[in-house]
Amino acid sequence: MSTPTEGTLVEPTTPAPVTGTEPGGTRRAGFASLGIDTRLLGMVGALVIIWVVFHVATGGRFITAQNLWNLSVQTSVVAIMATGMVLIIVSRNIDLSVGSVMGFVGIGMALLQARILPNDLGLGLENPLTLPITLAVGLLVGALIGAFHGFLVAYIGVPAFIVTLGGLLVWRGLAWALASGQTVAPMDTTFRKLGGGADGAVGETTTWIIAGVACVAIVLLLANSRRQRRRVGFEARPLWADAAIGVAGCAVVIIACWVANSYFLPENLARAYALRNDIPWPEEGTLQIPFGIAYPVIIAIGVAIVMTYIATRRRFGRYVFAIGGNPDAAELGGINTRRTILLSFALMGVLCAIAAAVQIARLNAGPSSLGTLAELSVIAAAVIGGTSFAGGIGTVPGAVLGALVMQSLQSGMVLMRVDAPIQDVAAGSVLVFAVAVDTILRRRST
Amino acid sequence: MDVTQTAAVAPATPVEERRPLVEMRDIRVSFGGVHAVDGVSVDLYPGEVVGLVGGNGAGKSTLIRTLSGARPADSGQILVNGEPVTIHNPRDARAYGIETIYQTLALADNLDAAANLFLGRELRTRTGALDDVAMEAATRGVISRLNPRFKNFKVPVKSLSGGQRQSVAIARAVHFDARILIMDEPTAALGPAETAQVRDLITQLKREGLGIFLISHDIHDVFDLADRISVMLQGKLVGTVDKDAVTKDEVLGMIIMGKLPGALTSQEEEQLH
Ligand SMILES: Nc1ncnc2c1ncn2[C@@H]1O[C@H](COP(=O)(O)OP(=O)(O)O)[C@@H](O)[C@H]1O
Ligand SMILES: [Mg+2]
């Protein structure tokens, strides 16, 4: 609309060239010049400690390919929704309905593929159209439910806490009513891949291809960022810092893929796989056929990348953060704050639908309890990941790490055979402790 | 963004012969039963600085917020270049070339200077993504001319000093093609050096033909810069006077007593000293 005004400003009294010197003239050196979010790094540290402690406490059963692979799959559902919860909380709202919406949409999708499409619409079982139709309907319904919540919050002015508390009850009740409280099963075979499991992983070769693509992408992104800053004459990060980040990023990718490829199909599944692919079964011993990365993990990572892009590189995300930082300023800046809020809830609804699809695929069923109490894990993941209820602060990768922390605690305690009530005590305590530490550190830094 | 390219300087025609940039007629705003602005009319010509003064709570901010679209008037008329306009929101105001430095600064504390400067009109790449590098470059250019010591471009504005925050708000108002500039207490948080910079800026913008509403509760802030001075008291306009025709004391009389210069008794004049 407007173009920058030429020469509206006072002639500089002293020449003020565009330099790349960093904040307050304090030269950033050593570790700081990596420019990495220290909070995120702290969480990675906490995660490593949790893993090591559980590994020792369970007598070496935690840091194994099998457990980590399962952990990655279990984390996916909460992580997918937590990425959206970040934006909701950043804009000073809350969504308590995500578990119920997930339940409602999930049971709806289960009904669609198990009964409506094959029987009522005559597509029959295992029709190739089942997966796309079910997903499309689920995502649309999720978006509409979220948009409706957002409309009530943004345009009618009902507090988000109330709207979504009502939604928690309404959608849970309707989820039950949809299937008369019964569990809907089984799911379409192709659809079940979305949930992981024996057929729900990409296999060894594809996993290494993904690793390669990811490493190339990391390098290209870093190079592009350097080029961008050079273009306008800013100092880029020191080359060694970019190199360190690139090496670390690629290392994480390669290790993760190596772990996924170190978890092998159990013998009965391996035999079935060998039969299907005409691989001769060896006379002695067994075939080691790696799972590779599970589809739900790929979905969760994809969602996290897209959500990070939306949160940091798109106008919509910028507006969400502006509203959270100062709603008046956002309004005075000409931002359509109501539309932004409505969209953030619609996006949350879509993510609930994606999570629901993964979960019913994983369970191979749509039970009436689907998503119960998920809102608590999702909010906890976002908050442990550094999202502040004061608004304006939060990151998507943080929320994903938060989900991983919560899930690590839970599965570690399951491995240690901790009683369920005590698990809740631990999870609740960790949540409050983490936020308390974060609050103290934040206060000190300002 | 090149400083050497100065925009066309408006010819120094007498103010009376030109059409006003802005006319605000009989503006009224009330909050509940409080008449914050009660039938005020002011106008503004190109290349002119109108000082809008009055004590705290006189209604200055509320009046100009109707022009900037922050809170539309309950009644009254606004004309821009002689045309009646309706300004419902800040976007409408910006479309008429009206830029505002709010008394509260209206900054999103969690965002950096560039994000605030371009808030609501972000630069984007061909793919529609935010072009943060370009925005930062433009921001560095515009702010460092305003405040050469400003260095913290990558931190949330929350961690900046009051003066630096004010620089960001001022830079935002002058970076875009403003025809009409509203400055609500723009030097409130500034030190002497920065205040001098802002005064130079106002003088230059005026020479370029912008109309400026300069608002302050303190007559000393605006007296030297203003061409005319409008005084408000308790939501009403006391009057508008040519700066050259009055003394500071006379304006002070308007601010405190609500009386035009001729109407002051000698006793009241005494009290002002
Ligand atoms: N949002 C609001 N709600 C209620 N009253 C307000 C609001 N904004 C301003 N007022 C009242 O309107 C009057 C004028 O305020 P204001 O325009 O801020 O004065 P000034 O800028 O001249 O100091 C004051 O009495 C103030 O309390
Ligand atoms: Mg004011």
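The structure presented is a predicted model; accordingly, all values stated were derived computationally and were not measured. (Residues numbered from 1 in each chain as written. Chains lettered and ligands numbered in written order. Predicted model: local features only at pLDDT ≥ 70, side-chain atom pairs only at ≥ 80, totals over all residues. Heavy atoms only, no water.)

Some points on the overall build of chain A
- A tally of helices and strands in chain A yields 16 helices and zero strands.
- Dimensions of chain A along its principal axes, counting C-alpha atoms only, are 85 × 55 × 45 Å.
- Within chain A, the fraction of its 446 residues that count as buried is 46%.
- The long-range fraction of contacts in chain A, counting pairs at least 24 apart against all pairs at least 6 apart in sequence, stands at 80%. (Helix = DSSP H or I, 4+ residues; strand = E, 2+ residues; numbered from the N terminus. Buried < 20%, exposed > 50% of the residue type's maximum accessible area, 1.4 Å probe, protein only. Contact = heavy atoms within 4.5 Å.)

What about the sheet that holds strand S3 (residues 49-53) of chain B?
Residue and element names in this part refer to chain B.
- Strand order in the open sheet formed by six strands is S6-S7-S8-S3-S9-S10, with mixed pairing between adjacent strands. Looking at the sheet topology across the chains shown, the edges are occupied by strand S6 (98-101) and strand S10 (236-242). Taken pair by pair, the neighbouring strands of this sheet meet at an average axis angle of 15°, ignoring direction.
- Across four bridges, S3 lies against strand S9 (residues 228-233) in parallel orientation. Its bridge partner lying in S9, Leu 52 is registered against Ser 230.
- Packed onto the sheet, helix H5 (residues 162-175) meets S6 and strand S7 (180-184) and runs at close to 175° relative to S6. (Pairing = 2+ DSSP bridges. Axes fitted to C-alpha atoms, helices over the stretch in contact; angles between N-to-C directions.)

Details of the coordination of the magnesium ion (ligand 2)
- B:Ser61 (OG) and B:Gln103 (OE1) make up the full set of protein donors to the magnesium ion (ligand 2), lying at 2.1 Å. With B:Ser61 in helix H1 (residues 60-68) and B:Gln103 in the loop between S6 and helix H3 (113-117), this pair connects stretches of sequence that are 42 residues apart. (Donors = N, O, S within 2.8 Å, 3.2 Å for Na, K, Ca; no water.)

Focus on the domain arrangement of chain A
Residues and elements named next belong to chain A.
- Partitioning chain A into domains gives domain 1 (59-198 + 295-370) and domain 2 (201-293).
- For domain 1 versus domain 2, the distance between C-alpha centres works out to 27 Å.
- At the interface, nine residues of domain 1 touch 12 residues of domain 2.
- Taken together, both faces of the contact between domain 1 and domain 2 bury some 960 Å²; the carbon and sulfur share is 77%.
- If you sort the residues of domain 1 by the area they bury against domain 2, Trp 69, Ala 198 and Tyr 295 come out on top, with a joint share of 52%.
- In this assembly, domain 1 and domain 2 are joined by zero salt bridges.
- Considering each element in turn, the side of domain 1 that touches domain 2 owes the most residues, four residues, to helix H2 (residues 65-90).
- Taken together, the residues that form the side of domain 1 that touches domain 2 break down as seven nonpolar, two polar and no charged. (Domains from an automatic or database assignment. Buried area = accessible area lost by both parts, 1.4 Å probe. Salt bridge = Lys/Arg side-chain N within 4 Å of Asp/Glu carboxyl O. Nonpolar A, V, L, I, M, F, W, Y, C, P; charged D, E, K, R; others polar.)

Quick word on the site of ligand 1
All names here are of chain B.
- Neighbouring ligand 1 are Phe 31, Ala 36, Gly 55, Asn 56, Gly 57, Ala 58, Gly 59, Lys 60, Ser 61 and Thr 62.
- A distance of 2.9 Å separates an oxygen atom of ligand 1 from a polar backbone atom of Gly 59.
- Ser 61 has a polar side-chain atom sitting 2.7 Å from an oxygen atom of ligand 1.
- Compared with its free state, where it exposes 560 Å², ligand 1 has 57% of that area covered by protein.
- With three residues, H1 is the single largest residue contributor to the shell around ligand 1.
- Considered class by class, the residues forming the shell around ligand 1 number three nonpolar, six polar and one charged. (Near = heavy atom within 4 Å. Polar contact = N/O pair within 3.5 Å; in protein donor to acceptor, adjacent residues only side chain to side chain. Areas by Shrake-Rupley, 256 points an atom, 1.4 Å probe, with all protein chains shown as cover.)

Let's talk about the environment of B:Ala169
Residue and element names in this part refer to chain B.
- Here Ala 169 is to be found in helix H5.
- Taking the C-alpha atoms as reference, Ala 169 lies 22 Å from His 220; in sequence the two are 51 residues apart.
- Apart from the residues lying within four places of it in its own chain, the contact partners of Ala 169 are Ile 101, Leu 105 and Leu 107.

Observations regarding the packing of aromatic side chains
- Applying the stated criterion to the full structure yields nine aromatic pairs over all chains.
- Taken together, a centroid distance of 5.6 Å and an interplanar angle of 20° make the contact between A:Phe151 and A:Tyr155 stacked. One end of the pair is A:Phe151 and the other is A:Tyr155, both in helix H4 (residues 130-156) and four residues apart, which spans about a single turn.
- Owing to a relative accessible area of 37%, A:Phe151 belongs among the partly exposed residues under this scheme.
- Between B:Phe118 and B:Phe176, the aromatic rings sit 5.8 Å apart at their centres with planes inclined by 85°, giving edge-to-face as the arrangement. (Phe/Tyr/Trp six-rings, centres within 6.5 Å; stacked < 30°, edge-to-face > 60°.)

Quick word on a nonpolar patch on the surface
Residue and element names in this part refer to chain A.
- Where nonpolar side chains cluster on the molecular surface, the patch consists of Val 44, Val 48, Val 52, Val 56 and Ile 63 and spans about 400 Å² of accessible area.
- With respect to the helices and strands, Ile 63 occurs in the loop between helix H1 (38-57) and H2.
- Overall, the relative accessible area of 37% leaves Ile 63 in the partly exposed class. (Patch = residues over 30% accessible without salt bridge, like charges linked within 9 Å, V, L, I, M, F, W, Y side chains within 5 Å.)

Focus on H4(A)
Residue and element names in this part refer to chain A.
- Taking 1.5 Å of rise per residue, the 27 residues of H4 would be expected to cover 39 Å, and the 38 Å separating its terminal C-alpha atoms lies within 8% of that figure.
- When H4 is considered as a whole, its buried residues turn out to be Thr 130, Thr 134, Gly 138, Gly 142, Ile 145, Gly 146, Ala 147, His 149, Gly 150, Val 153 and Ala 154.
- Looking at the buried positions of H4, the neighbouring elements they touch are helix H3 (98-120), helix H5 (160-178), helix H6 (189-192) and helix H13 (337-363).
- Looking one or two residues beyond H4, the residue adopting positive phi is Gly 157, at roughly 90°. (Expected span 1.5 Å × (residues − 1).)

Some thoughts on the pairing of strand S4 (residues 75-80) of chain B
Residues and elements named next belong to chain B.
- In the sheet, strand S1 (residues 22-31) pairs with S4 via five bridges, with the strands oriented antiparallel. From the neighbouring strand, Arg 25 faces S4, where its bridge partner is Gln 77.
- The antiparallel hairpin formed by S4 and strand S5 (residues 83-85) contains two residues in its connecting segment, where Asn 81 sits at a positive phi of about 55°.

Let's talk about the domain arrangement of chain B
Residue and element names in this part refer to chain B.
- Per the domain assignment, the segments making up chain B are domain 1 (15-97 + 179-271) and domain 2 (112-176).
- Each side of the interface is counted separately: domain 1 has 13 residues, and domain 2 has 14 residues.
- Carbon and sulfur atoms supply 56% of the area buried between domain 1 and domain 2, which totals about 990 Å² over both sides.
- Ranking the residues of domain 1 by area buried against domain 2 places Arg 94, Glu 194 and Gln 197 at the top, with a combined share of 44%.
- For the pair domain 1 and domain 2, the interface holds zero salt bridges.
- Put simply, domain 1 and domain 2 have three residue pairs in polar contact (both at pLDDT 80 or more) between them.
- Counting residues per element, the side of domain 1 that touches domain 2 draws most heavily on helix H6 (residues 192-207), which supplies five residues.
- When grouped by side-chain class, the residues that make up the side of domain 1 that touches domain 2 number eight nonpolar, two polar and three charged.

Considerations on H2(A)
All names here are of chain A.
- Taking 1.5 Å of rise per residue, 26 residues should cover 38 Å, and H2 covers 35 Å from first to last C-alpha, within 8% of that figure.
- The largest bend in H2 comes to about 40°, at Ser 76.
- The buried fraction of H2 amounts to 22 of the 26 residues, a majority that puts the element mostly inside the structure.
- Remark: Arg 92 follows H2 within two positions and exhibits a positive phi of approximately 70°. (Bend = angle between axes of the 7 residues up to and from the residue.)

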